[in-house]
Amino acid sequence: MREDTQDAVNRVDQARLWQRLMRMAEIGAIPGNSVNRAAFSREDVEARKVLISWARARGFAVAADAIGNLFVRRAGTDPHAAPVMTGSHMDSQPRGGRFDGIYGVLAGLEALEAIDEAGASTRHPIEVVAWSNEEGGRFAPCTMGSAVHTRARALDDVLAVTDNEGIALGHALAETLASTPAVDTRELNAPAAAYIEAHIEQGPLLEQEDKTIGVVTGIQGLRWFNVEVFGETAHAGTTPVGGRKDALRDSIAAINALHALTKDDTDTVRFTIGRMLVIPNSPNSVASHVLFSVDVRHPDPATIARLGEAVEPAVRNAAQHCTVKVTPTLHDDPCAFDPGVVDCIERAAQALKLPHRRMPSGASHDAMYMARVCPTAMIFVPCERGISHNEAENAKPEDLAAGARVLTAALLELANR
Ligand code: GLV
Ligand code: MN
Ligand code: MN
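Predicted, not measured: the structure shown is a model, and the values here were computed from it.

A. Quick peek at the nonpolar core. By size, the foremost hydrophobic cluster in this structure holds 84 residues, and its most contacted members are M24, L51, I196, F337, I345, L400 and V406. Counting residues per element, this core draws most heavily on helix α13 (residues 397-415), which supplies 11 residues. Once residues within four sequence positions are removed from consideration, V406 is found in contact with I213, I345, A348, A349, L352, L354 and I379. A247, V269, A287 and V294 belong to the second largest nonpolar core, which has 24 residues in total.

B. Here's a closer look at the coordination of the manganese ion (ligand 3). Those protein atoms acting as donors to the manganese ion (ligand 3) are D100 (OD), E135 (OE), E135 (OE) and H389 (NE2), and they sit at 2.1 to 2.5 Å. Mapped onto the polypeptide sequence, the residues donating to the manganese ion (ligand 3) form the spacing pattern D-x34-E-x253-H. Separating the manganese ion (ligand 3) from the manganese ion (ligand 2) is a gap of 3.5 Å, bridged by D100, which donates to each. Here H389 lies in the loop between β17 (376-381) and α13 and D100 lies in the loop between β5 (84-89) and α4 (102-117), a separation of 289 residues in the sequence. The exposure class assigned to D100 is buried, which follows from its relative accessible area of 6%. Exposure remark for H389: the relative accessible area of 42% places this residue in the partly exposed category.

C. Summary view of the coordination of the manganese ion (ligand 2). Taken together, the protein ligands of the manganese ion (ligand 2) are H89 (NE2), D100 (OD) and H199 (NE2), with distances of 2.0 to 2.2 Å. Counting residues between consecutive donors of the manganese ion (ligand 2) along the chain gives the motif H-x10-D-x98-H. Taking the relative accessible area as the measure of exposure, H89 reaches 0% and is therefore buried.

D. Geometry of empty space enclosed by the protein. Within this structure, the stated rule accounts for one cavity of 30 Å³ or more. In this structure, the largest cavity encloses a volume near 50 Å³. Surrounding the largest cavity, D44, R48, M90, D91, A130, W131, S132 and N133 form its lining. Secondary structure elements with two or more residues in the lining of the largest cavity: α3 (42-57) and β6 (126-131). Looking at side-chain class alone, the lining of the largest cavity contains three nonpolar, two polar and three charged residues.

E. Spotlight on the side chain of Q202. Among the secondary structure elements, Q202 is positioned in the loop between β8 (194-200) and α8 (205-208). At 3.2 Å, the side chain of Q202 and the side chain of D100 are in polar contact. In this structure the side chain of Q202 is engaged in a polar contact, spanning 2.9 Å, whose partner is the side chain of S388. The residues touching Q202, leaving out its near neighbours within four places in the chain, are D100, A363, H365, C383, G386, S388 and H389.

F. Spotlight on the environment of P141. Mapped onto the fold, P141 is located in the loop between β6 and α5 (144-149). Each C-alpha atom of the pair P141 and S288 lies 25 Å from the other, and the pair is 147 residues apart in sequence. Beyond its immediate stretch of four places on either side in the chain, P141 contacts N133, G136, R153, W224, T329 and L330.

G. Spotlight on the site of ligand 1. Taken together, E134, E135, R297, A363, S364 and H389 make up the full set of residues near ligand 1. One of the side-chain nitrogen or oxygen atoms of E135 is found 3.0 Å away from an oxygen atom of ligand 1. For the shell around ligand 1, the class distribution of residues is one nonpolar, two polar and three charged.

H. Expanded view of the pattern of salt bridges. For the structure shown, the criterion picks out 28 salt bridges. A salt bridge links E26 to R23, with the nearest nitrogen and oxygen atoms 3.1 Å apart. A residue pair is termed a helical-turn pair when its members lie 3 or 4 positions apart in one helix, as E26 and R23 do in helix α2 (residues 14-26) at three residues. The class of E26 is exposed, set by a relative accessible area of 54%. The exposure class of R23 is partly exposed, given its relative accessible area of 28%. With a closest N to O distance of 3.5 Å, R372 and D332 form a salt bridge. Of this pair, R372 sits in the loop between α12 (367-370) and β17 while D332 is found in strand β14 (residues 323-332), placing the two residues 40 residues apart along the sequence.

I. Just unusual backbone geometry, in detail. The step from A140 to P141 runs through a cis peptide bond, and the omega angle for that step is 5 degrees. Between I279 and P280 the backbone carries a cis peptide bond, its omega angle lying at 5 degrees. Within the element layout of this structure, P280 appears in the loop between β12 (276-279) and β13 (289-298). Backbone geometry places F40, a non-glycine residue, at a positive phi of 60 degrees.

Rules used in this analysis
Residues numbered from 1 in each chain as written. Chains lettered and ligands numbered in written order. Predicted model: local features only at pLDDT ≥ 70, side-chain atom pairs only at ≥ 80, totals over all residues. Heavy atoms only, no water. Core = buried A, V, L, I, M, F, W, Y, C linked by side-chain atoms within 4.5 Å. Buried < 20%, exposed > 50% of the residue type's maximum accessible area, 1.4 Å probe, protein only. Helix = DSSP H or I, 4+ residues; strand = E, 2+ residues; numbered from the N terminus. Contact = heavy atoms within 4.5 Å. Donors = N, O, S within 2.8 Å, 3.2 Å for Na, K, Ca; no water. 1 Å grid on protein atoms, 1.4 Å probe; cavity = no way out; pocket = protein on both sides within 12 Å on 5 of 7 lines; lining within 4 Å. Points joined across faces, edges and corners; volume = space filled by probe spheres on them. Nonpolar A, V, L, I, M, F, W, Y, C, P; charged D, E, K, R; others polar. Polar contact = N/O pair within 3.5 Å; in protein donor to acceptor, adjacent residues only side chain to side chain. Near = heavy atom within 4 Å. Salt bridge = Lys/Arg side-chain N within 4 Å of Asp/Glu carboxyl O.

Right, here's the structure in full:
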């Protein structure tokens, strides 16, 4: 390892990284060590302010693009070189943990500070990005900030998406940008030289195998749909059951059909209905309208394609009394990361003598979209019992710091190419 790289790695400060994680965990804290920091909420604005203040305290430039992604930049020596990027997201699930997403942003900032303290110059600028609305818990679908930034999704197509209260994303985004300190403007799809995202594993393998670093080779495919079932409301006491157009009853039939479709003896298919809205949602009225989400994932391209195609026919066939509308909201094919960036992360883990293994990701990440526009890979660190999207999500300060050290070394190698 080069001397200046070793110096920067040594300056990664485990206590500073942990304190910052705990500071961010105060924003949107809810009982049980949990956070609720929905995209474009008041809590999201506060997290943005804190990140901007930390970046500016070190003299790093900050910019935002049209979907509110934030970019923190340490300049390079070549004015024409595109940035080497790292980062993740600051929004959380409604009952999310203290590490999902925010770890990748703060590990990136820690790497940038360590590199700065070591006085290491790099040919490429290095940028930390905080992607908007990665979780999709408030505004579906997930990984929206990176999809819009890389032009995989048009900005205009997401502005009208509404949350459960009927608030449009465009409105919440405008309020967020207006409430955040003024920063430079970053155009969408600006060139990037490479991207590395650090994240907790959100699964049990690293902990089970006593490994500190996961060298992530790719992400499984996923499909999201909104299914709407339209029936007719009626009096629960007087309307004969036989003649009803009960949207909830047909939804349950549809969900059972989807469970049968995705049944898999190897337990590789991931199938989830996680969101359901029922109108009028009253015990003594037949439901007139139901909306539910479908999330289905698989690592094999042919299998996820087959399952994705089968969702709408299965729902239509099962909903016998109502009309249905099935809207695909996310279509991500399985993605393989760049072998050169994967090797670079593995070399860094080896040089730092950290136990590591290659592994795929079951969860989706913004790295999936960055992989379409530049060489990309990810670093995983263990989390307790693999628990995530749950209040009990936990990770060890020393593992989080180890991931930031690997990130620092890998960023320096890529930024000096
Ligand atoms: C991201 O949180 C995902 O749904 O995988
Ligand atoms: Mn995440
Ligand atoms: Mn998540």
